[in-house]
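# Examination of the molecular architecture
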Amino acid sequence: MKIVLGADHGGFELKQDVKNLLVKLQHEVVDVGCLSTASVDYPDYAEKAVSHIIDDSCELGILICGTGIGMAITANRHFEIRAANCSSEFTAVMSREHNNANVLCLGARAIDKDLALTVVQAWLRSEFAGGRHQRRIAKFSR
Ligand code: RB5
């Protein structure tokens, strides 16, 4: 699967760990930055990343900042994007099965690395359940 990855300075180190995991799992990764822990603005990287989903060049995205909140707020300004800020395996699975989330947001300062990598794997393993959930998604989609 082709997955776009983006982070601000708060998420940079975890982004590198997530990138290594995705490569190990044989996914194709598009890394839109940032490229160091130097301070940057999360909306710039959220916008770069979601543009790859909106133009269909990537199927899913993972965005990481300190809390995951700024990335989720920014990404969800686009009607094509369903970004879920997840901090547990359960919420990650539900975000795919019920909400068909196409972007996973992680807070690098909110959860530790091992949990974050577990969340990523759970999210990627899960699939949209459709049915009544599709009806609900249609109510806020164009
Ligand atoms: C940056 O310090 C921090 O505000 C950012 O990473 C993120 O947590 C915002 O939501």
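Below is a short write-up of the structure. The structure displayed is predicted, hence computed values, not measured ones. (Residues numbered from 1 in each chain as written. Predicted model: local features only at pLDDT ≥ 70, side-chain atom pairs only at ≥ 80, totals over all residues. Heavy atoms only, no water.)

## Here we look at unusual backbone geometry
Across residues other than glycine, the phi torsion is negative in most instances, and most of the peptide bonds are trans. Operational definition: Secondary structure elements follow DSSP: runs of H or I of four or more residues count as helices, runs of E of two or more count as strands, with numbering from the N terminus. Summary of the burial criterion: residues with accessible area below 20% of their type's maximum are buried, those above 50% are exposed, and those between are partly exposed, where the area comes from a 1.4 Å probe applied to protein chains only.
Residue cysteine 34 is reached from glycine 33 by a cis peptide bond, and omega for that bond is 5 degrees. Mapped onto the fold, cysteine 34 is located in the loop between β2 (28-31) and α2 (42-54). A positive phi is found at glutamine 26, a non-glycine position, where the angle reads about 70 degrees. Residue position: glutamine 26 is located in the loop between α1 (12-24) and β2. Overall, glutamine 26 belongs to the exposed group, its relative accessible area being 72%. Unusually for a residue other than glycine, asparagine 100 sits at a positive phi of about 50 degrees. On the basis of relative accessible area, asparagine 100 is assigned to the buried category, the value being 18%.

## Topic: the nonpolar core
Generally speaking, a soluble globular protein has its nonpolar side chains buried in company with each other. Convention followed: In this text, buried Ala, Val, Leu, Ile, Met, Phe, Trp, Tyr and Cys residues form a nonpolar core when linked through side-chain atoms within 4.5 Å. Any two residues whose heavy atoms approach within 4.5 Å at even a single point are treated as in contact.
Val18, Leu22, Ile62, Leu104, Leu106, Val120 and Trp123 are the most contacted members of the largest nonpolar core, which has 23 residues in total. Residue assignment for this core shows that the elements contributing at least two residues are β1 (2-7), α1, β3 (60-65), β5 (103-107) and α5 (113-125). Element by element, the count of residues in this core is highest for α5, at six residues. The residues contacting tryptophan 123, other than those within four sequence positions of it, are Leu60, Gly61, Ile62, Ala92, Ser95, Arg96, Ala101, Asn102, Val103 and Leu104. By size, the runner-up hydrophobic cluster in this structure holds 20 residues, among which are Cys34, Tyr45, Ala49 and Cys58.

## Considering the packing of helix α4 (residues 89-97) against α5
Our working definition: Each axis is a line fitted through C-alpha atoms, and for a helix only the stretch in contact is used; angles between axes span 0 to 180 degrees, taken between their N-to-C directions. Comment on the angle field: the value is read as roughly parallel under 35 degrees, roughly antiparallel over 145, roughly perpendicular from 65 to 115, and oblique elsewhere. The handedness criterion is simple: a crossing whose near helix is rotated anticlockwise from the far helix by less than a right angle is left-handed, and one whose near helix is rotated clockwise is right-handed. Put simply, Ala, Val, Leu, Ile, Met, Phe, Trp, Tyr, Cys and Pro go in the nonpolar bin, Asp, Glu, Lys and Arg in the charged bin, and everything else, Gly too, in the polar bin.
Two numbers describe how α4 lies on α5: the axes approach to 8 Å, and their chain directions differ by 25 degrees. In terms of their interaxial angle, α4 and α5 are classed as roughly parallel. At the point where α4 passes α5, the crossing takes the right-handed sense. Between α4, through Glu89, Ala92, Val93, Ser95 and Arg96, and α5, the contact on the second element is made entirely by Thr118, Val119, Ala122, Trp123 and Arg125. Of the residues in the contact of α4 with α5, the class split is five nonpolar, two polar and three charged.

## Some points on the sheet that holds strand β4 (residues 83-85)
Applicable threshold: In this analysis, strands are considered paired if DSSP registers two or more bridges between them.
Spatially, β2-β1-β3-β5-β4 is the arrangement adopted by the five strands of the open sheet, whose pairing is parallel. Sheet topology places β2 and β4 at the edges, where each strand pairs with a single neighbour. On average, each strand axis in the sheet is inclined to that of its neighbour by 20 degrees, with strand direction left out of account. Here five bridges tie β1 to β3, and the two strands are oriented parallel to one another. Across the sheet, glycine 6 pairs through a bridge with leucine 63, a residue of β3.

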